Amino acid sequence: MAESSNGLSEIQAISPVFSYSPDDDRFCVIQQGKARIQEIGRRITGDGTGAGTGGLVAIYVTEDPEPDYSDDPKTFGRIVALVRPLRMPPRKTVEDHPSGCPDWTKYAATGVKVDRWPCGWPSEVVFYSKHGGPVLRDAVSTALHRHDFGAFAHQFLQGPIDLSKPAMAPLRKRLMLEVRNQITLNPNAQTRPF
């Protein structure tokens, strides 16, 4: 399936995680990412505004996740999934979709369980490849001719990176090309049409 010109099959954002499963039904961020996940989720789904732009969110396993949350080095630094954000259920917010993963550091210090990624957006997985997804560092270097991946990745501290800007078009196209190539190699990586 070719990339859609209406945005439905374009990657509109990249959201960081430490690990991800094909059964996950949301993508979550740290508290500082609340505003960005709301903005991107609403824009894609049209929540509160009518028709959304459509699009997908790439789920990126960071290069150095904490061992308590991830123990598979073959996933590190890769886009392991694409998800389609779903409309937020009535009277629900991003705070109603936490990750369910405790912050062990805060728990050790206070004895109180606090969610590590307390803000989430409902979604459905359309692509999942634990070890065959694009390596984000390489895609950024190839598509954007940027060799300062640390500066690029620093944006994740504010939530998902928005790829909807025209300057990000080469990265959107590169990531989708690599995802489509992976689906050609392993058709089971596509879990739903997109």
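Please read these numbers as outputs of a predicted model, since none were measured by experiment. Within each chain, residue numbers correspond to sequence positions counted from 1 in written order. It should be noted that, the model being predicted, local features are given only for residues of pLDDT at least 70 and side-chain atom pairs only at 80 or more, the latter also being counted only at that level, while totals for whole chains, interfaces and linings use all residues. Side-chain numbers come from the whole structure's heavy atoms, not from hydrogens or water.

Description of the sheet that holds strand β3 (residues 56–61)
Threshold: Any two strands are treated as partners once DSSP identifies two or more bridges connecting them. Strands here mean DSSP runs of E at least two residues long; helices mean DSSP runs of H or I at least four residues long; both are numbered from the N terminus. Only heavy atoms enter the contact rule, under which two residues are in contact if any of them lie within 4.5 Å. Between N-to-C directions, angles cover 0 to 180 degrees, with each direction set by a line fitted to C-alpha atoms, over the stretch in contact for helices.
Strand order in this open sheet of six strands is β2-β5-β4-β3-β1-β6, and the pairing throughout is mixed. Across the chains shown, the open sheet's two edge strands, defined by having one partner strand only, are β2 (26–29) and β6 (161–162). Sheet analysis places strand β1 (residues 11–17) next to β3, joined by six bridges and oriented parallel. Note that in β3 the partner of Val17 across the bridge is Val61. Helix-sheet contacts for helix α1 (residues 34–45) involve β1, β2, β3, β4 (79–85), β5 (119–128) and β6, and the interaxial angle to β5 is about 55°.

Brief notes about the confidence of the model for the protein
Cut-off, in case you're wondering: A residue's pLDDT is the predictor's confidence in that residue, given on a scale from 0 to 100.
With 91% of its residues at a pLDDT of at least 70, the protein reaches an overall mean of 91. In this model residues 1–5 is a low-confidence stretch, pLDDT under 50, and it forms 10 contacts with partners more than four residues away in sequence or in other chains.

Quick word on the packing of aromatic side chains
Short version of the rule: Note on aromatic contacts: the rings of Phe and Tyr and the six-membered ring of Trp form a pair at centre separations within 6.5 Å, being stacked when their planes are under 30 degrees apart, edge-to-face when over 60 apart, and tilted otherwise. Relative accessibility under 20% of the residue-type maximum defines a buried residue, over 50% an exposed one, and the middle range a partly exposed one, all with a 1.4 Å probe and only protein chains included.
Inspection of every chain in the model, using the stated rule, returns six aromatic pairs. Where Tyr60 meets Phe156, the ring centres are 5.4 Å apart and the plane angle is 15°; that geometry is what we call stacked. Taken as a pair, Tyr60 in strand β3 and Phe156 in the loop between α4 (149–153) and β6 lie far apart in primary sequence, 96 residues in all. Take Phe156: its relative accessible area is 9%, and that puts it in the buried class. With 5.0 Å between their ring centres and 75° between their planes, Tyr69 and Trp117 make a pair best called edge-to-face. Linking Tyr69 in the loop between β3 and β4 with Trp117 in the loop between α2 (104–110) and β5, this pair joins segments that are 48 residues apart in sequence. On the basis of relative accessibility, which here comes to 13%, the residue Tyr69 falls in the buried class. Since its relative accessible area comes to 12%, Trp117 is described here as buried. Linked through ring pairs, Tyr60, Phe149, Phe152 and Phe156 together constitute an aromatic cluster.

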